[in-house]
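Inside the fold
These are the residues of each chain, in order.
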Amino acid sequence: MKIVIQRALEASVTINKEKVAEINQGLVVLLGIEDTDTDDDFKWLSSKIVNLRIFNDENDVMNCSVKEVNADIILVSQFTLHASTKKGNRPSYIKASKPDFAIPMYEKCIQQLEIDLGKKIQTGQFGADMKVALINDGPVTIVIDSKNRE
């Protein structure tokens, strides 16, 4: 699994001109799933997401997690995170999982994040044409690959 985490002052997801998710302070997490992903991958990533100390404390130092500041999360599936640009100019998405595998994994990720965060998260809609809007705070953007746990 690959994720892109963006710390946001506010964010939303719109589908067919209808806002389906909206948060103030929190994280927008873009999630790419591949067939080799397991429950261990999403459990590890979920813990990393909710405990990553990327929010400012009282001294304006990034020392607090999304959980500690009681902020929110929007999780959006994004198969393009697995784009291969090795050959030519048209990306290949061969590593991205097909819906029969990816949807159940996406749903497990939602459940795990809600358990780890201790509250409901908001989401996009798997496979939909989504418009994701956010004001990136910092900017803080972090990319994590569960297959490369450095």
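As shown above, the structure is provided for reference.
Okay, so let's go over this structure. (Residues numbered from 1 in each chain as written. Predicted model: local features only at pLDDT ≥ 70, side-chain atom pairs only at ≥ 80, totals over all residues. Heavy atoms only, no water.)

1. Considerations on the packing of aromatic side chains
Between two aromatic rings, the relevant description is the distance of the centres plus the angle of the planes. Scanning the entire structure with this criterion turns up 2 aromatic pairs. On the numbers, 5.0 Å between centres and 80° between planes, the contact of Phe79 with Tyr93 is edge-to-face. Of the two residues, Phe79 is situated in the loop between β6 (72-77) and α2 (99-117) and Tyr93 in the loop between β6 and α2; the sequence distance between them amounts to 14 residues. By relative accessible area, which is 32% here, Tyr93 ends up partly exposed. Ring geometry for Tyr106 versus Phe126: centroids 5.9 Å apart, planes at 50°, classification tilted. In this pair, Tyr106 is assigned in helix α2 and Phe126 in the loop between β7 (122-123) and β8 (130-145), connecting sequence segments 20 residues apart. (Phe/Tyr/Trp six-rings, centres within 6.5 Å; stacked < 30°, edge-to-face > 60°. Helix = DSSP H or I, 4+ residues; strand = E, 2+ residues; numbered from the N terminus. Buried < 20%, exposed > 50% of the residue type's maximum accessible area, 1.4 Å probe, protein only.)

2. Quick notes on the pairing of strand β1 (residues 2-15)
The buried count for β1 comes to 11 of 14 residues, which makes it a mostly enclosed element. Pairing of β1 with β8 involves 12 bridges; the strand directions are antiparallel. Of the residues in β8, the one forming a bridge with Val13 is Val132. Linking two consecutive strands that pair antiparallel, namely β1 and strand β2 (residues 18-23), is a turn of 2 residues; a positive phi of about 50° is found at Asn16 within it. (Pairing = 2+ DSSP bridges.)

3. Looking at the side chain of Ser97
Tracing the backbone through its elements, the reader meets Ser97 in the loop between β6 and α2. Apart from the residues within four sequence positions on either side, Ser97 is in contact with Ile33, Glu34, Asp35 and Ala102. (Contact = heavy atoms within 4.5 Å.)

4. Brief notes about the pattern of salt bridges
Taken as a whole and assessed by the stated rule, the structure comprises 11 salt bridges. Put simply, Lys147 and Asp37 hold a salt bridge, and the shortest N to O gap is 2.8 Å. Placement of the pair is Lys147 in the segment after β8 and Asp37 in the loop between β3 (26-32) and α1 (39-51), with a sequence separation of 110 residues. In this structure Asp37 comes out as buried when scored by relative accessible area, which is 4%. (Salt bridge = Lys/Arg side-chain N within 4 Å of Asp/Glu carboxyl O.)

5. A word on α2
Taking 1.5 Å per residue as the helical rise, α2 with its 19 residues ought to reach 27 Å, and the 26 Å between its terminal C-alpha atoms agrees with that figure. Three or more residues of α2 are buried, namely Ala102, Met105, Tyr106, Cys109, Ile110, Gln112, Leu113, Glu114, Asp116 and Leu117. Buried residues along α2 sit in contact with β3, α1, β6 and β7. One or two positions beyond α2, positive phi appears at Gly118, with a value near 85°. (Expected span 1.5 Å × (residues − 1).)

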